[in-house]
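# Close look at the chain arrangement
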There are 2 protein chains.
Amino acid sequence: MKIAFDVMGSDYGSRLAVAAALQLVNEFTDTEVILVGNESEINNNLTSLLKHRTISPKITIYGTTQVVRMTDGPLAAIRMDNSSMYQAIKLVKDKIVDAVLTSGSSAAYIGACHLLLGEIKGIKRPAFMSIMPTIIKGQQVVLLDAGANLENNMDELIDFALMGHTYCQLIQNIVKPKIGLLNIGVEANKGTLTTKATYAKLQALTASNGKLNFLNFHGNIEPRNILTGEVNIIVCEGYVGNIAIKAIEGMALVIFSLIKKGYRKNLFSRFLGLLSFGIFKNIKAAFDYKNTGGAQLIGINGIAFKAHGASEKTSFYSALKLCRSAIKQDVTNKISEQLKNYHNNK
Amino acid sequence: MKIAFDVMGSDYGSRLAVAAALQLVNEFTDTEVILVGNESEINNNLTSLLKHRTISPKITIYGTTQVVRMTDGPLAAIRMDNSSMYQAIKLVKDKIVDAVLTSGSSAAYIGACHLLLGEIKGIKRPAFMSIMPTIIKGQQVVLLDAGANLENNMDELIDFALMGHTYCQLIQNIVKPKIGLLNIGVEANKGTLTTKATYAKLQALTASNGKLNFLNFHGNIEPRNILTGEVNIIVCEGYVGNIAIKAIEGMALVIFSLIKKGYRKNLFSRFLGLLSFGIFKNIKAAFDYKNTGGAQLIGINGIAFKAHGASEKTSFYSALKLCRSAIKQDVTNKISEQLKNYHNNK
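Let me begin by describing the structure that accompanies this report. (Residues numbered from 1 in each chain as written. Chains lettered and ligands numbered in written order. Predicted model: local features only at pLDDT ≥ 70, side-chain atom pairs only at ≥ 80, totals over all residues. Heavy atoms only, no water.)

Let us look at the overall build of chain A. In terms of regular secondary structure, chain A is built from twelve helices and eleven strands. A globule of 346 residues ought to have a C-alpha radius of gyration of about 20 Å, and chain A, at 21 Å, matches this closely. Taken over the C-alpha atoms alone, chain A extends approximately 65 × 60 × 35 Å along its principal axes. Taken over 346 residues, chain A has a buried fraction of 56%. For chain A, the accessible area works out to roughly 14,300 Å², and carbon and sulfur atoms hold 52% of it. Of the side-chain charges in chain A, 38 are positive and 26 negative, and the distance between the mean point of each set is 7 Å. (Helix = DSSP H or I, 4+ residues; strand = E, 2+ residues; numbered from the N terminus. Rg over C-alpha atoms; globule rule 2.2 N^0.38 Å. Buried < 20%, exposed > 50% of the residue type's maximum accessible area, 1.4 Å probe, protein only. Areas by Shrake-Rupley, 256 points an atom, 1.4 Å probe, with all protein chains shown as cover. Lys, Arg positive; Asp, Glu negative; His and termini not counted. Charge placed at Lys NZ, Arg CZ, Asp CG, Glu CD.)

Take a look at the structure:
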């Protein structure tokens, strides 16, 4: 398994990205990483990180000269065809690697993936699929779109539902994954014209006795219940999904910082905090977005992941692991196959 | 101070609402509550709640015959002019009370407030203003719109900023309250056409040397930083604001339920949990939406609050307290005055 890793253009520099790649190839003997970016910068990072150890043959460098900036728009990577982002995606297109990971500008990334890899047949707009833990042990929830788009129409939201459905069925082995439509209320008449139309369509795809009777629509789901495990898949427009996810992430940080502060009050509470450490550690880790690492850009012909711009080593490492799983699970081909069936039967 | 309290149409029945009203008048001798709704139902509640004690003269009943349901639309309360919701608002219009509280359908409530009370001069769309705690002790954050509208245009968002600004200046005594525009990224070019236009306008209202140089625009704010105290006011469209608030509320519930579970693991951890109780109690209370109670419908001629449909006694009680504060602080008149100045100088 090979991953092309664009190590340039993240908020904290390429060193953390290179360190994460070294950790990955050390832990998984079946995976190679091609570091894409400024050759001398990457070499310097490798030298300082490895000290006197020799570099693993599973790490290679692919030198590029341009860097897409975080604030760049949809055409930036396409215009800079010797940028690390463009070339990393091109390695997927040329079938030299099995997946690509970047932490650079989402807009530029989506633009270049669209041009170089193209969408799966039948999909109009790809989506970021974010996989989060729920309060039910071992159960995750898949949210899409987490921010690849701003606004989406009904057809696009139905595509998201189909992709999420396929992902849960084929990768998470859930026979009838429950789909929820993110909305401000549970009633069918709540929300915008788009959510109302999508509600009706998802209901039709669930209730009909015809060929399309294969979705399992649970109804609207309020943001309060994103993580309660009520549904397996949450469908929403990109702007709203991004807002909801970032609100959740922020709240987790706020609560844990307040708890930490509370335990630091006095000597006794510090002692209590020490003893309670084990209880918090796992909860904090589960909801720390640094550990979840990234979202897959789903709906394009290829496996492409995006890590947070503000990624540290742990997030990059988690994102690389997600890439590895997606390759192993053959996510893109499976979704592509299922969508072909859907569109042929429509 | 007199509050008209529509006790009908909440998820758990009128008994909890009546109990909250009794608690309020017991604790604050300066406040009267008029319970609006089915007379015999309210009487039965009072009898069973008070047992052999006599009813306080500060509680009165205003009998109505119709009930607006939670799923009813914008015209429901207007069409049912003997509904508890309609009549409670009318008591404000007729200057019999100083404020109104309901937990019924938001759409119906906004519709009836619009018709009976009307908007403050210059305001096109009222907004729900939600006041939340931040991680900075004693500092709150004001978010609007929390869901009175779905979509809003630039002018409406500017009105929200102005109302929030006035509220923070005159009620919270902050000289130059910081305004943040809720968005998916901090950069000026992030978001929808509406957020981009609003960003530019807010910047102009902040930076200009002319008469309008009175806002203090901090820039875009990501949902991750809603509660970090970075800004005093968060401006957003109603749909997005509602999603963000409910995501935050949900995350708080999730984390505390997981912590509770963690402490219940064994005897030792139960003991630890008992000792740590004081540390969590305050944090949990601060972020439990049951304690915050409700949001003010701001921008209309009158003090109108909305409590959660799923309110329990504590939430109703908190909402009644919010009504009381808003009356004492003369919120609506102050905002009205300031907006008049703004529009005259424009």
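Past the structure itself, the notes keep going.
Let us now look at a nonpolar patch on the surface. Taken together, the side chains of Phe268, Phe271 and Leu275 of chain A together with Phe268, Phe271 and Leu275 of chain B define a hydrophobic patch exposed on the protein surface, amounting to about 600 Å² of accessible area. Of all the secondary-structure elements, those providing two or more residues to the nonpolar patch are helix H9 (267-287) of chain A together with helix H9 (267-287) of chain B. Relative to the assigned elements, Phe271 of chain B resides in helix H9. (Patch = residues over 30% accessible without salt bridge, like charges linked within 9 Å, V, L, I, M, F, W, Y side chains within 5 Å. Salt bridge = Lys/Arg side-chain N within 4 Å of Asp/Glu carboxyl O.)

The N-to-C vectors of helix H8 (residues 238-263) of chain A and helix H8 (residues 238-263) of chain B enclose an angle of 40°; their axes lie 8 Å apart at closest approach. Compared by their axis directions, H8 of chain A and H8 of chain B come out oblique. Relative to H8 of chain B, the crossing made by H8 of chain A is right-handed. Across the interface between the two elements, Tyr239, Val240, Ile243, Ala244, Ala247, Ile248, Met251, Ala252, Ile255, Phe256, Ile259 and Tyr263 of chain A of H8 of chain A pack against Tyr239, Val240, Ile243, Ala244, Ala247, Ile248, Met251, Ala252, Ile255, Phe256, Ile259 and Tyr263 of chain B of H8 of chain B. (Axes fitted to C-alpha atoms, helices over the stretch in contact; angles between N-to-C directions. Parallel < 35°, antiparallel > 145°, perpendicular 65-115°, else oblique. Left-handed = near helix turned anticlockwise from the far one by under 90°. Contact = heavy atoms within 4.5 Å.)

The transformation that overlays chain B on chain A combines an axial shift of 0.0 Å with a rotation of 180°, and the residual RMSD is 0.1 Å. What we have between these two chains is a two-fold relation. Of all interface residues in chain B, 98% are interface residues in chain A too; the two copies therefore contact each other through one and the same surface. (Least-squares fit on C-alpha atoms with pLDDT ≥ 70 in both.)

Looking now at the state of the cysteines. In this structure the tally under the stated criterion is zero disulfides over all chains. The closest cysteine sulfur to the non-disulfide-bonded Cys323 of chain A is located on Cys113 of chain A, 11 Å from its own sulfur. The class of Cys323 of chain A is buried, set by a relative accessible area of 0%. Lacking any disulfide linkage, Cys236 of chain B is separated from the closest cysteine sulfur, that of Cys168 of chain B, by 14 Å. (Disulfide = S-S within 2.5 Å.)

Chain B puts 51 residues into the contact, and the matching count from chain A is 50 residues. Between chain B and chain A, the buried area comes to about 4,500 Å², and carbon and sulfur atoms account for 75% of it. Ranking the residues of chain B by area buried against chain A places Arg224, Tyr239 and Met251 of chain B at the top, with a combined share of 16%. At the boundary of chain B and chain A, one finds four salt bridges. The residue Arg224 of chain A makes a salt bridge to Glu249 of chain B at a minimum N-O spacing of 2.8 Å. Along the contact surface separating chain B from chain A lie 16 residue pairs in polar contact (both at pLDDT 80 or more). Of all the elements in the fold, those that place two or more residues in the side of chain B that touches chain A are H8 and H9 of chain B. If you tally residues by element for the side of chain B that touches chain A, the top one is H8 of chain B, at 22 residues. When its residues are assigned to classes, the side of chain B that touches chain A shows 30 nonpolar, 14 polar and seven charged. (Buried area = accessible area lost by both parts, 1.4 Å probe. Polar contact = N/O pair within 3.5 Å; in protein donor to acceptor, adjacent residues only side chain to side chain. Nonpolar A, V, L, I, M, F, W, Y, C, P; charged D, E, K, R; others polar.)

Residue and element names in this part refer to chain A. At their nearest, the axes of helix H1 (residues 14-27) and helix H11 (residues 313-329) sit 8 Å apart, and the two run at 45° to each other. By the criterion of interaxial angle, the relationship of H1 to H11 is oblique. Seen along the crossing, H1 lies across H11 with a hand that is right-handed. Seen from H1, the contacting residues are Leu16, Ala17, Ala19, Ala20, Ala21, Gln23, Leu24 and Glu27; seen from H11, they are Lys313, Phe316, Tyr317, Leu320 and Lys321. For the contact of H1 with H11, the class distribution of residues is nine nonpolar, one polar and three charged.

Here the focus is the environment of Phe128 of chain B. By the secondary structure assignment, Phe128 of chain B is in strand E5 (residues 127-133). Taking C-alpha positions, Phe128 of chain B is 21 Å from Lys2 of chain B, a pair spaced 126 residues apart along the chain.

Moving on to the sheet that holds strand E8 (residues 216-221) of chain B. Residues and elements named next belong to chain B. Strand order in this open sheet of eleven strands is E3-E2-E1-E4-E11-E10-E5-E6-E9-E7-E8, and the pairing throughout is mixed. In the strand order of this sheet, the two ends are held by strand E3 (59-63) and E8, each with one partner. Within the sheet, the average angular offset between the axes of one strand and its neighbour, ignoring direction, is 25°. One ladder, built from five bridges, connects strand E1 (residues 2-6) with strand E2 (residues 32-37); its direction is parallel. For Phe5, the partnering residue across the bridge sits in E2 and is Leu35. With respect to the sheet, helix H6 (residues 154-170) is in contact with E5, strand E6 (140-144), strand E7 (178-182), strand E9 (233-235) and strand E10 (294-298), its orientation differing from that of E9 by roughly 170°. (Pairing = 2+ DSSP bridges.)

All names here are of chain A. By the definition in use, this model includes 18 salt bridges over all chains. When the shortest N-O distance is used, the salt bridge between Asp94 and Lys90 registers 3.0 Å. With a relative accessible area of 28%, Lys90 lands in the partly exposed category.

Glancing now at helix H4 (residues 84-93) of chain A. Residue and element names in this part refer to chain A. Where burial is concerned, most of H4 is hidden: eight out of the ten residues are buried. Turning to H4, its buried residues number three or more, namely Ser84, Met85, Tyr86, Gln87, Ala88, Ile89, Leu91 and Val92. Buried residues belonging to H4 abut strand E1 (2-6), strand E2 (32-37), strand E3 (59-63), helix H3 (76-79), strand E4 (99-102) and helix H5 (106-116). Of the residues flanking the end of H4, it is Lys95, one or two places downstream, whose phi is positive at about 60°.

Take the side chain of Ser105 of chain B next. All names here are of chain B. Among the secondary structure elements, Ser105 is positioned in the loop between strand E4 (99-102) and helix H5 (106-116). On the basis of relative accessibility, which here comes to 2%, the residue Ser105 falls in the buried class. A polar side-chain atom of Ser105 sits 3.1 Å from the main-chain amide nitrogen of Ala108. Apart from residues no more than four positions distant in its own chain, Ser105 is found in contact with Val68, Arg69, Met70, Asp72, Met85 and Lys306.

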